[in-house]
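# Survey of secondary and tertiary structure
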Amino acid sequence: MAEAGSFADRVKQQADIVRVIGEYLRLKKSGQNFTGLCPFHGEKTPSFAVHPVKQIFHCFGCGKGGDVFTFVMEMEKCPFPEAVRMVAEKCGIPIPRPKERTPEERKENQQRSALIEMHREAQSFFVKQLETTAEGKAARAYLEDRGMDMETIARFGIGYAPAGGDILFRYLKQKYAEKLLAESGLLSRGDGGRAFDRFRRRITFPIANESGKIIAFGCRALGDDQPKYLNSPESPIYSKSGVLYHLDRAKDALRRQDFAVLVEGYMDAIAVARAGISNVVASCGTSLAEPQIKLLGRFTKRVIVNYDPDVAGQAATERSISLLLENDFEVRVLALPPIGEKKADPDLFIREKGPEAYIKALKDSPPYVDYLIDRTRKMDLTTGEGKLRAVNFLLPYVQKIPNRILRSEWATRISQQLRIDEPVLRAALTKAAAERRSEVKTQPQLVGKAAKPIERRLIRMLVEAEGFRRELAQRLQEGRLYVGLETEKIFAATIVAALSEHPAPATEVGALLEERDRRLFFEILFEEAHEGTWEEAESCLEALRGRQVEKELALVQREIEKNPGGPAMRELLARKQELLKKRAV
Ligand SMILES: [Zn+2]
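Since the structure is predicted, the reported quantities are computational estimates derived from the model, not experimental observations. Position labels on residues start from 1 in each chain and follow its written sequence. Restriction of local features to residues with pLDDT of at least 70 applies here, the model being predicted, together with a cutoff of 80 or more for giving and counting side-chain atom pairs; totals for whole chains, interfaces and linings are based on all residues. The basis for every side-chain value is the complete set of heavy atoms in the structure, and neither hydrogens nor water enter the calculation.

## Side note on the overall build of the chain
Along the chain, the regular secondary structure elements total 26 helices and 15 strands. Each radius of gyration reported is based on C-alpha atoms, and the globular scaling rule is 2.2 Å times the count of residues to the power 0.38. Against the 2.2 N^0.38 benchmark of 25 Å for 585 residues, the chain shows a C-alpha radius of gyration of 31 Å, more extended than a compact globule. Summarising its shape, the C-alpha atoms of the chain cover approximately 105 × 70 × 55 Å along the three principal directions. Residue burial is assigned from relative accessible area. The probe radius is 1.4 Å, only protein chains are included, and a residue is buried under 20% of its type maximum, exposed over 50%, and partly exposed in between. Scored against the burial criterion, the 585 residues of the chain give a buried share of 46%. The way it works is that DSSP assigns letters per residue, a run of H or I at least four long becomes a helix, a run of E at least two long becomes a strand, and they are numbered from the N terminus.

## So, the sheet that holds strand 14 (residues 302–305)
Should DSSP find at least two bridges between two strands, the strands are regarded as paired. Here four strands make up an open sheet; going across it, the order is 13-12-14-15 and the pairing parallel. A strand with exactly one partner marks an edge of an open sheet, and here the two such strands are strand 13 (280–282) and strand 15 (330–333). Put simply, the sheet's adjacent strands are angled 30° from each other on average, direction ignored. Note: strand 12 (residues 260–263) against strand 13, three bridges, orientation parallel. Note on strand 13: the bridge partner recorded for V263 is A282. Every axis corresponds to a line fitted to the C-alpha atoms, with the helix fit spanning only the stretch in contact, and the corresponding angles, defined between N-to-C directions, vary from 0 to 180 degrees.

## A few points about the coordination of the zinc ion
For the zinc ion, the protein coordination sphere consists of C38 (SG), H41 (ND1), C59 (SG) and C62 (SG), at 2.1 to 2.3 Å. Here the coordinating atoms are restricted to nitrogen, oxygen and sulfur within 2.8 Å of the metal centre, or 3.2 Å for Na, K and Ca, and because water is not among them the sites may look incomplete. Every geometry call rests on angle ranges, with four donors termed tetrahedral when all angles are between 85 and 135 degrees, four termed square planar and six termed octahedral when opposite donors are over 155 degrees apart and all others are between 65 and 115, and everything else termed irregular. Considering all four donor atoms around the zinc ion, the spread of angles at the metal, 102 to 118°, places the coordination shape in the tetrahedral class.

## Considering the pairing of strand 2 (residues 33–36)
Bridge analysis of strand 1 (residues 28–30) against strand 2 gives three bridges, and the strand direction is antiparallel. Bridge pairing in strand 2 places K29 opposite F34. Alignment of strand 2 against strand 3 (residues 48–51), held across three bridges, turns out to be antiparallel. Paired with T35 across the two strands is A49, which belongs to strand 3.

## With respect to the environment of L572
Relative to the assigned elements, L572 resides in helix 26 (residues 569–584). In this structure the C-alpha to C-alpha distance between L572 and E559, which are 13 residues apart in sequence, comes to 7.8 Å. In this description, contact between two residues means that some pair of their heavy atoms is separated by no more than 4.5 Å. Setting aside its immediate chain neighbours within four residues, L572 contacts V556, E559 and I560.

## Quick notes on the packing of helix 16 (residues 368–377) against helix 17 (residues 384–399)
Here helix 16 crosses helix 17 at 160°, and the two axes come no closer than 9 Å. Here helix 17 runs roughly antiparallel to helix 16, going by the angle between their axes. Crossing geometry of helix 16 relative to helix 17 is assigned as right-handed. Contacts from L372, I373, R375 and T376 in helix 16 reach A390, F393, L394 and Y397 in helix 17. Nonpolar residues are Ala, Val, Leu, Ile, Met, Phe, Trp, Tyr, Cys and Pro. Charged residues are Asp, Glu, Lys and Arg, and all others, Gly as well, are polar. Of the residues in the contact of helix 16 with helix 17, the class split is six nonpolar, one polar and one charged. For classification purposes, angles smaller than 35 degrees are called roughly parallel, those larger than 145 roughly antiparallel, those between 65 and 115 roughly perpendicular, and all remaining angles oblique. What makes a crossing left-handed is the near helix being turned counterclockwise from the far one by less than a right angle; a clockwise turn instead makes it right-handed.

## A closer look at the pattern of salt bridges
When a carboxyl oxygen of Asp or Glu is within 4 Å of a side-chain nitrogen of Lys or Arg, the pair counts as a salt bridge. This structure, assessed with the given rule, holds 33 salt bridges. When the shortest N-O distance is used, the salt bridge between D225 and R201 registers 3.7 Å. Residue D225 is located in the loop between strand 10 (214–221) and strand 11 (229–231), and its partner R201 is located in the loop between strand 8 (195–197) and strand 9 (202–208); the two are separated by 24 residues in the primary sequence. Judged by relative accessible area, D225 falls into the partly exposed class, the value being 32%.

## A few points about the packing of aromatic side chains
When two rings of Phe, Tyr or Trp (its six-membered ring) have centres within 6.5 Å they constitute a pair, described as stacked for plane angles under 30 degrees, edge-to-face for angles over 60, and tilted for the intermediate range. Counting across every chain of the model gives 19 aromatic pairs. Note on Y24 and F71: the rings are 5.4 Å apart at their centroids and 70° apart in plane angle, and the pair reads as edge-to-face. Here Y24, found in the loop between helix 2 (17–22) and strand 1, pairs with F71, found in helix 3 (residues 68–76); they are 47 residues apart in sequence, far enough to count as distant. Overall, Y24 belongs to the partly exposed group, its relative accessible area being 24%. Among the residues examined, F71 registers a relative accessible area of 0% and is labelled buried. One aromatic cluster in this structure is built from Y24, F40, F48, F57 and F71.

## Some remarks on the nonpolar core
Each nonpolar core is a collection of buried residues, namely Ala, Val, Leu, Ile, Met, Phe, Trp, Tyr and Cys, held together in the definition by side-chain atoms within 4.5 Å. Counting 65 residues, the largest nonpolar core has I158, Y245 and Y358 as the members making the most contacts within it. Here Y358 is in contact with V261, V272, I277, N306, L334, L336, P346, F349 and I350, once residues within four sequence places are set aside. Grouped together as the second largest cluster of nonpolar side chains are 42 residues, L295, V369, A390 and L394 included.

Just geometry here; none of it tells us what the structure is for.
In structure tokens form, the structure reads like this:
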């Protein structure tokens, strides 16, 4: 990732991984390494190691490992460039200003900045309308009626878009070109191309991106105007599927609490945040999109879904569960009980029952499994057909659970709850799981494979023995000595690195490997070991050759025994003699 000569590369050269990681957890010197309690999985005895010379870390418990950037990315749930910036800051390395590469890029950046600036101005305009105009007063009354005091209005930047028709347009026109205004999503065009305000007679809710910059508005009709909710359209700065409402303010709480409350709309998010639960985000629309899930996943992998209890909300809940499971989230579902006759969304529930009742409901919210089973209870389960329908409703979710043990627990639960014969159900589940297999990512294995000491030594020397690793790589390649070994893929990657003009650092070689090989590779790098010599390397190569001979000998012997009088017998016997001679050397 860190290209030679790049800023990232320079940061990596200068940063001290022990110091950076030491800011997050207590490290103790232990032999050549530093060890501590792994921050990525719960543990009581340290299995997390940092190597000061190689500048890498590895956890022998959960298998996480990499360089200083990998660590910061995992800890801060941030993308690579952000990690580079953070490490640079921690180490006092000055950060160069990003350069735009092409004139188009510069133009786009300018356009984006201008649009963000325009949204800031629109925001002050809406707020002022709410605060100072007669129309705004009516809007305030409506908000107060919904339990929103001035403090809340100020905290969430709630404003008002007047009924006039083109008041905002005329205001912004003084400063911005009409072409840019057209891109902003703040205007609409009527017959004859006349521009007017997109939002009229509506309460406005600013929608900010992750870093708190306003990039769009969500607006609710004040009267009975349709549609009830109207949002900004997609624009150069706003993509609906990539934004979560309130995320900019929820970030810290998400990290601290390590779970998110997911609601449908901004009114719900505001109500929940006001109840003291700041780790709430809204999908702003009934369907949660993949980019939104990826975004959330940078902060936490645990979610309580609390959508509206209506049919649309239920469908959205089920769709969200699917998507979240696919992205390895731990999901719980809060389905609020109705209040009297009325179905309760979070906003209504908190207004009627108070924050404490909501917090309690949140705490008691069941895992999605129970929620889904509960949904099937409403189906007719007295007939075989009905049961089949219930199982078919549940199966797609089971298919999405990557973990085999969890899947098995599900099976037991479903069979108990729905009174379905367990073996029959298990067969269906196994089939479902098998159908899924082709699309599943390989799951990290719990145990690395145990490679033979010779292989471990050779890999270590390929990485570290600067004096002879090239020669060693050539020998291994010529004799194809590593082919067929458990560690074949690790050898292949380290040989390529050792043969290259500028051997890649170990972390980059590791990055090329699949999870289980990468684990083993890091384990090997962390073993206490003496420095290798060419003599040792040669004797290891010899041992591999010996193994190769043994293997072939066994194969030839089997052939001979299989068909003693066969036509190839002479050749086989000759080959056997050759191999025996080789073995004797
Ligand atoms: Zn760990």
